[in-house]
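Listed below are the residues making up each chain.
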Protein chains: 2
Amino acid sequence: MTSSARIAVDAMGGDEGLAVMLAGVARARRRYDGMRFVLVGDEDAIREGLKSHPNLTAASEIVHAPEVVTADDKPSQAIRRAKTTSMGIAIDLVKRGEAAAAVSSGNTGALMAMAKLSLRTMPGIDRPALAARMPTLGANDVVMLDLGANTEVDSRNLIQFAVMGAAYARTVLDLKAPRVALLNIGTEELKGTDIIREAAQKLRAATHLPLEFTGFVEGNALSRGNVDVVVCDGFAGNIALKTVEGTARFVADLLRRAFSSSIRSKIGFLISRPATELLRHHLDPNNHNGAVFLGLNGIVVKSHGSANEIGVETAIGVAAKMVRDDLTRRIAEDLGNFEAQAA
Amino acid sequence: MTSSARIAVDAMGGDEGLAVMLAGVARARRRYDGMRFVLVGDEDAIREGLKSHPNLTAASEIVHAPEVVTADDKPSQAIRRAKTTSMGIAIDLVKRGEAAAAVSSGNTGALMAMAKLSLRTMPGIDRPALAARMPTLGANDVVMLDLGANTEVDSRNLIQFAVMGAAYARTVLDLKAPRVALLNIGTEELKGTDIIREAAQKLRAATHLPLEFTGFVEGNALSRGNVDVVVCDGFAGNIALKTVEGTARFVADLLRRAFSSSIRSKIGFLISRPATELLRHHLDPNNHNGAVFLGLNGIVVKSHGSANEIGVETAIGVAAKMVRDDLTRRIAEDLGNFEAQAA
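Everything numeric in this text was worked out from a predicted model, so none of it was measured.

## Observations regarding the pattern of salt bridges
Residue and element names in this part refer to chain B. Counted according to the given criterion, the structure contains 47 salt bridges over all chains. A salt bridge links Arg133 to Asp141; the nearest nitrogen and oxygen atoms lie 4.0 Å apart. Of the residues examined, Arg133 reaches a relative accessible area of 14% and is grouped as buried. Take Asp141: its relative accessible area is 13%, and that puts it in the buried class.

## Topic: the sheet that holds strand S4 (residues 101-104) of chain A
Strands pair in a sheet through their backbones, by hydrogen bonds, and they do so in one of two ways: parallel or antiparallel. All names here are of chain A. Ordered in space as S3-S2-S1-S4-S11-S10-S5-S6-S9-S7-S8, the 11 strands form an open sheet in which the pairing is mixed. Edge positions in the sheet fall to strand S3 (60-64) and strand S8 (212-217), since each of these pairs with one other strand and no more. Pairwise comparison of adjacent strand axes, ignoring direction, gives a mean angle of 25° for this sheet. Two elements, strand S7 (residues 179-183) and S8, share four bridges in a ladder whose sense is parallel. Residue pairing for S8: Arg179 is matched across the bridge by Glu212.

## What about the packing of aromatic side chains?
The relative placement of two aromatic rings is captured by the distance of their centres and the angle of their planes. Inspection of every chain in the model, using the stated rule, returns one aromatic pair over all chains. Relative to Phe259 of chain B, the ring of Phe259 of chain A has its centre 6.5 Å away and its plane inclined at 65°; by these criteria the two rings are edge-to-face. Within this pair, whereas Phe259 of chain A is found in helix H9 (residues 234-259), its partner Phe259 of chain B is found in helix H9 (residues 234-259), the two belonging to separate chains. Overall, the relative accessible area of 5% leaves Phe259 of chain B in the buried class.

## Some remarks on the sheet that holds strand S1 (residues 6-10) of chain B
Residues and elements named next belong to chain B. Ordered in space as S3-S2-S1-S4-S11-S10-S5-S6-S9-S7-S8, the 11 strands form an open sheet in which the pairing is mixed. Two strands bound the open sheet, and with one partner strand each, they are strand S3 (60-64) and strand S8 (212-217). Put simply, the sheet's adjacent strands are angled 25° from each other on average, direction ignored. Across five bridges, strand S2 (residues 36-41) lies against S3 in parallel orientation. Its bridge partner lying in S3, Phe37 is registered against Ser60. Against the sheet, helix H5 (residues 86-95) engages S1, S2, S3, strand S4 (101-104) and strand S11 (299-302), with an angle of about 145° to S2. Sheet contacts for H9: strand S5 (129-134), strand S6 (142-145) and strand S7 (179-183); angle to S6, the most-contacted strand, approximately 140°.

## Section: the pairing of S6 of chain B
All names here are of chain B. With burial as the criterion, each face of S6 is covered, one bearing Val142 and Met144 and the other bearing Val143 and Leu145. The pairing of S5 with S6 spans four bridges and is classified as antiparallel. Across the sheet, residue Arg133 finds its bridge partner in S6, namely Val143. Note: S6 against strand S9 (residues 229-231), three bridges, orientation parallel. The residue of S9 that forms the bridge with Leu145 is Val231.

## Some details on the environment of Leu183 of chain A
Relative to the helices and strands, Leu183 of chain A resides in strand S7. Each C-alpha atom, one on Leu183 of chain A and one on Gly219 of chain A, is 7.2 Å from the other, the two residues being 36 residues apart in sequence.

## Thoughts on the packing of helix H1 (residues 18-31) of chain A against helix H12 (residues 309-324) of chain A
In a pair of packed helices, the angle between the axes and the distance between the axes together describe the arrangement. Residues and elements named next belong to chain A. Axis separation between H1 and H12 bottoms out at 7 Å; the angle between their running directions is 50°. Judged by the angle between their axes, H1 and H12 are oblique. Between H1 and H12 the crossing geometry is right-handed. When H1 is examined against H12, the residues Val20, Met21, Ala23, Gly24, Val25, Arg27, Ala28 and Arg31 are found in contact with a partner set consisting of Glu309, Ile310, Val312, Glu313 and Ile316. Partitioned by chemical class, the residues of the contact of H1 with H12 number eight nonpolar, one polar and four charged.

## Some points on the relation of the copies chain A and chain B
When chain A is fitted to chain B, the residual RMSD is 0.0 Å, and the transformation amounts to a turn of 180° plus an axial shift of 0.0 Å. Read as a symmetry element, the transformation amounts to a two-fold axis. Rotation axis and chain A: the residue whose C-alpha lies nearest the axis is Gly268 of chain A, separated from it by 2.1 Å. Here 100% of the contact residues of chain A are again contact residues in chain B; the copies associate through an equivalent surface.

## Observations concerning unusual backbone geometry
Between Leu145 of chain A and Asp146 of chain A the backbone carries a cis peptide bond, its omega angle lying at 0°. Among the structural elements, Asp146 of chain A can be located in the loop between strand S6 (142-145) and helix H7 (155-172). Phi at Asp174 of chain B is positive, roughly 55°, even though this residue is not glycine. Its place among the elements puts Asp174 of chain B in the loop between helix H7 (155-172) and S7. Residue class for Asp174 of chain B comes out exposed when judged on its relative accessible area of 52%. Despite not being glycine, Asp326 of chain B has its phi angle at roughly 50°, a positive value. Its place among the elements puts Asp326 of chain B in the loop between helix H12 (309-324) and helix H13 (327-342).

## Some details on the interface of chain A and chain B
Buried accessible area, meaning the area lost when the parts come together, often serves as the stated size of an interface. On the side of chain B, 53 residues touch chain A, which itself brings 52 residues to the contact. Note on chain A versus chain B: buried area summed over both sides is about 4700 Å², and carbon and sulfur give 75% of it. Counting the contacts that link chain A with chain B gives two salt bridges. With a shortest N-O distance of 2.2 Å, Glu218 of chain B and Lys242 of chain A are connected by a salt bridge. At the junction of chain A and chain B, the tally comes to 10 residue pairs in polar contact (both at pLDDT 80 or more). Elements that contribute at least two residues to the side of chain A that touches chain B include exactly H9, helix H10 (263-271) and helix H11 (273-283) of chain A. Here the side of chain A that touches chain B is composed, by residue class, of 26 nonpolar, 18 polar and eight charged.

About the criteria used
- Every chain begins its residue count from 1, and numbering advances along the sequence as written.
- All chains are assigned letters beginning with A, and all ligands numbers beginning with 1, in the order in which they are written.
- The predicted nature of this model means local features are confined to residues of pLDDT at least 70 and side-chain atom pairs, given and counted, to a pLDDT of 80 or more, with totals for whole chains, interfaces and linings taken over all residues.
- Hydrogens and water molecules were not included; the side-chain quantities draw on all heavy atoms of the structure.
- One speaks of a salt bridge when a side-chain nitrogen belonging to Lys or Arg is within 4 Å of a carboxyl oxygen belonging to Asp or Glu.
- Burial status follows relative accessibility: with a 1.4 Å probe on protein chains alone, a residue under 20% of its type maximum counts as buried, one over 50% as exposed, and anything between as partly exposed.
- A strand pair is defined by DSSP finding two or more bridges across the two strands.
- In DSSP terms, a helix is any run of H or I states spanning at least four residues, a strand is any run of E spanning at least two, and both are numbered starting from the N terminus.
- Where helices are involved, their axes are fitted lines through C-alpha atoms of the stretch in contact, as for all axes, and angles between N-to-C directions lie from 0 to 180°.
- Pairs were defined over the aromatic rings of Phe, Tyr and Trp, the Trp ring being its six-membered one, requiring ring centres within 6.5 Å. Orientation was assigned from the angle between planes: stacked under 30 degrees, edge-to-face over 60, tilted for the rest.
- Contacts: residue pairs with any heavy atoms within 4.5 Å of one another.
- Roughly parallel covers angles under 35 degrees, roughly antiparallel covers those over 145, roughly perpendicular covers 65 to 115, and oblique covers all other angles.
- Helix crossings get a hand from a simple test, with the near helix turned counterclockwise from the far one by less than a right angle marking a left-handed crossing and a clockwise turn marking a right-handed one.
- Under the scheme applied here, ten amino acids are nonpolar (Ala, Val, Leu, Ile, Met, Phe, Trp, Tyr, Cys and Pro), four are charged (Asp, Glu, Lys and Arg), and all others, including Gly, are polar.
- All copies are superposed by least squares; the fitting set is the C-alpha atoms of residues with a pLDDT of at least 70 in both.
- The buried area of a pairing is the accessible area, by a 1.4 Å probe, that goes missing from both parts when the two are put together, added over both.
- Counted as a polar contact is a pair of N or O atoms within 3.5 Å, where, for protein atoms, one must be capable of donating a hydrogen and the other of accepting one, and residues adjacent in sequence contribute only when both atoms are in side chains.

Right, here's the structure in full:
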């Protein structure tokens, strides 16, 4: 990325507070050389917090925001305070070209509503989509979208999600031609709704895009690592993503119970701890953090509300890669190519 | 159950073959006293197989079927051979009142299509639904429906699924008033589609049913054990069920990799083996086997294609409980009560 690229950080959002946000930004500062930050929030508190991070101070500016969007705020309430909240001001910096991307750990619904209203949808995109990464058994994470921005979609929306998701996977997963599949309840061509089958037919015909359409993928194959981008409506995507989270936690809880069920199993657990730590590392959401709103005229990254400093660093890394690869332009080009062939 | 109740078993369906089916039936015979069976399939092969199970021979009759529905048969193909296949004949025995229930480990789509065509939908039910159980951290399994019979539904369908699922949970989970929730992408009243919100509103008002409607449940809470019945359309349900299966296997695979990553972790694994065996037992699909088609004029239980003899025994146990509690009549009564209050 160029030395002038700046990332606006909503320093106040998230459940973990300002200190964790700043610690995460400081980590990102060390990792991504030349990156600069605009820290948005309570000026005095940020200035005080920066005392622990001299390396960050030199690479940052502070923009004061008198208010904070809370977890309980409805999107409609948050929008009315766009000009005074740290979240709203961070997005506005992107809109005015003063930052290349915005990162927030705050209220997802509010962030989505504000980003959409302020940045507007890209030409050629009917609906923006929320995308995130999940761990797999394969060499890289899988990207899934939409995760809840659109509970109902048509086949055109799904195709646009596929194009956007592939562009995103090329950037964050460093893949040349990501394997893209539609989430469905079977892999045979006749399975699913008319909308999904129509989208599949058109994606199969679009052979010139920098992606490989592989057909349908079922819920049990999401983590297998044989697909890079999973495309679905926001209802199914939200259910699938949360079911993955819930089931991983469920199995981990059962394991914890099992390991503490006897002295013998406790001893076995202590001995094999390095192994279970590896597992924990692989499943830790902080290592996959950073959901993005694709399809807007600007880059907005949602960090998980409970992300720790490593999670915040990961989310900022996602924003940095998107800025470096000029993702918004890349999506526009791919869409243009798709429309040109389809016409 | 009365001594005259008989369960028709498609002895040929499933990936594991006749020997596993018969071994499973023999286990069920030992557990459920007085139960009788009609074994449907190749007569010579069944007679030969029964030689290993003298206890079962006395409690069984054989009905010959010259053909078998294969895993690759399309539902439309299977239907044309309903009179000659072991699956079709087993269902027909239920239709003619010669068996109280049918159990098959064969092709799900074919079983669903044949059962629907032969047994027809119950009065008051617009669409039958596929229900199954999943393990939780709580005291009992959770029942989920629909799992793929209906990719699109209206609010009336969802309400009928809730009533049927609750009746089923009262029977198989032995609960007085199961806690029922609608699967959604958030727990606030405004979340989800119009169809889901409308179903929620009506279920909230139906206070006289033997169930407790608890609102919405998200994908991450399916396994927590704070809800007994999860209601959704067949698309979301199929995605959620398969995502649970896939993620549980994913975590188990990661664990296996981790445990075999060093000598030290292998030793730890061996020591804590009783603990991991407990976990394996809890997650083993054979202990939760037996999906059912609710809403038909007769009981049909789908055993998993790869079920072992314990799985087959579990599925037959599900059929036995449904017969014992006269589930079809129970659903009809509950629906009548719901309609009476709603009118």
